[in-house]
Amino acid sequence: MRLIAAMSGGVDSAVAAARAVDAGHDVTGVHLALSRNPRSYRSGARGCCSIEDAGDARRAADVIGIPFFVWDMSDEFADEVVDDFIAEYTAGRTPNPCLRCNEKIKFAAVLERAVALGFDGVVTGHYARLATSERAGGEVVELHRAVDHGKDQSYVLGVLTQDQLGRSVFPLGDDPKTLVREEAALRGLQVANKPDSHDICFIADGDNAGWLADRLGPRPGPIVDESGAEVGSHDGAYAFTIGQRKGLRLGVPASDGKPRFVLDIEPVSGTVTVGPREHLAIDAIEGIKPLWCDEPPTEPLDCTVQLRAHGDEHRATVTVDGDVVRVELRDPAAGIAPGQACVIYAGTRVVGSATIARTSRSVPA
């Protein structure tokens, strides 16, 4: 196939591109320029979007022996990821910008441009596996967890559609990260020992609250306990997320002396409600904006769900009603915020995902 290799500048995408070449594909490396002002994003060679990363990607392409280009997608990234991040926090929700970037940039805008240029698909360094199976309607491409569960990235790929999966190549899903680094060193790739990226690429210093404050300005409001009594104040509800404990600066201690956590954020009034850890537990979720890797379930599905990028799996029953996904958790979860993604699994297979709109609790407090 003719493939675009999305090269972030990290070790994973470099090895993925090299393996695609070894498999006989005609590969062209592409690095995505995501910032309108490259120096405004993170620096320090962390493996995603910094200035150093573009140079690392180019050097890796030279070693592999493939053509290399930089695609400017800064406008799309600003509109679809950065502006969405601000809007979600303003609305009292907690978004996942990496998942949004996969959905709108890496597997939508990039794939669309690649196909328009005559390429067959995109190869990336994500840790996930693809498999094909025969169904009544024909062949289906399935997305599965990686063998290395510690590096598995199927959660952030749960937004991909059947058409996108059919044009995707994930060469790393069967191997542990240690082997990938060893292979990179043997191939002479300078990124073999480059640290992984964990922070949000467009927030240079990792201070999410400060970054949002610079763009949204002060929006003071009260912090209250579950009785409605004011126990503190804040400069902006966007600085908080469900389950947060640190940085609350409460003026009134809890009667039992125990720590308190953010239980709810009301964006219109700016009210942040805090309470004990046990009141974070929820066992029901309503999701919206579902995206299905395959056909949506037509009957209640006994499955597992993952609610954070590096979170645990929870046993659940999922029922789909049009564009609403209802999730009953048999294993209660804590600290789950609207805006996060609920990704649905049948064994290792990703069924699809939905954006969490609201949660509820029937488990004993």
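Along each chain, the written sequence defines residue order, and numbers are assigned to residues from 1. Predicted model: local features are reported for residues with pLDDT of at least 70 only, side-chain atom pairs are reported and counted for 80 or more only, and whole-chain, interface and lining totals are derived from all residues. As a rule here, side-chain values come from all non-hydrogen atoms in the structure, and water together with hydrogens is ignored.

1. Considerations on the sheet that holds strand β10 (residues 261-266)
For two strands to pair, DSSP has to find at least two bridges joining them. Helix and strand labels come from DSSP, where a helix needs a run of H or I of at least four residues and a strand needs a run of E of at least two; each type is numbered from the N terminus. In space, the four strands of this open sheet follow the order β9-β8-β11-β10, with mixed pairing throughout. Among the strands making up the open sheet, the edge pair consists of β9 (230-234) and β10. On average, each strand axis in the sheet is tilted by 25° relative to the strand beside it, whichever way the strands run. Here β10 pairs with strand β11 (residues 271-275) via five bridges, running antiparallel. The residue bridging Ile-265 from the neighbouring strand is Val-272, located in β11. Axis definition: a line fitted to C-alpha atoms, limited for helices to the stretch in contact. Angles are taken between N-to-C directions and run from 0 to 180 degrees.

2. Examining the sheet that holds strand β4 (residues 121-123)
Strand order in the open sheet made by the five strands is β3-β2-β1-β4-β7, with parallel pairing throughout. The sheet terminates laterally at β3 (68-72) and β7 (168-169), the two strands that pair on one side only.

3. With respect to the state of the cysteines
To count as a disulfide, a pair of cysteine sulfur atoms needs to be within 2.5 Å. Counted according to the given criterion, the structure contains zero disulfides. Its sulfur unpaired, Cys-303 is 7.8 Å from the next cysteine sulfur, which belongs to Cys-342. For every residue, the accessible area obtained with a 1.4 Å probe (protein chains only) is divided by the maximum for its type, and the residue is called buried under 20%, exposed over 50%, and partly exposed between those limits. The buried category is assigned to Cys-303, whose relative accessible area is 6%.

4. What about unusual backbone geometry?
Despite not being glycine, Arg-249 shows a phi value in the positive range, around 50°. Using a relative accessible area of 62% as the deciding quantity, one classes Arg-249 as exposed. In this structure, Lys-289 takes a positive phi of about 50° despite not being glycine. Tracing the sequence through the fold places Lys-289 in strand β12 (residues 281-292). Taking relative accessible area as the criterion, Lys-289 reaches 62% and is therefore assigned exposed.

5. Brief notes about the nonpolar core
Judged by nonpolar contacts, the single largest core of 29 residues is most densely connected at Phe-77 and Phe-202. Take the buried Ala, Val, Leu, Ile, Met, Phe, Trp, Tyr and Cys residues and link them wherever side-chain atoms come within 4.5 Å; each set so joined is a nonpolar core. The next biggest cluster of nonpolar side chains, apart from the first, holds 27 residues, and it includes Ala-5, Val-15, Ala-146 and Val-169.

6. Section: the environment of Asp-264
Its place among the elements puts Asp-264 in strand β10. Separated by 23 residues in the primary sequence, Asp-264 and Thr-241 have C-alpha atoms spaced 8.2 Å apart. Residues count as neighbours in contact if any of their non-hydrogen atoms are within 4.5 Å of one another. Discounting residues that sit within four places of it in the chain, Asp-264 has contacts with Ile-242, Thr-271, Val-272 and Thr-273.

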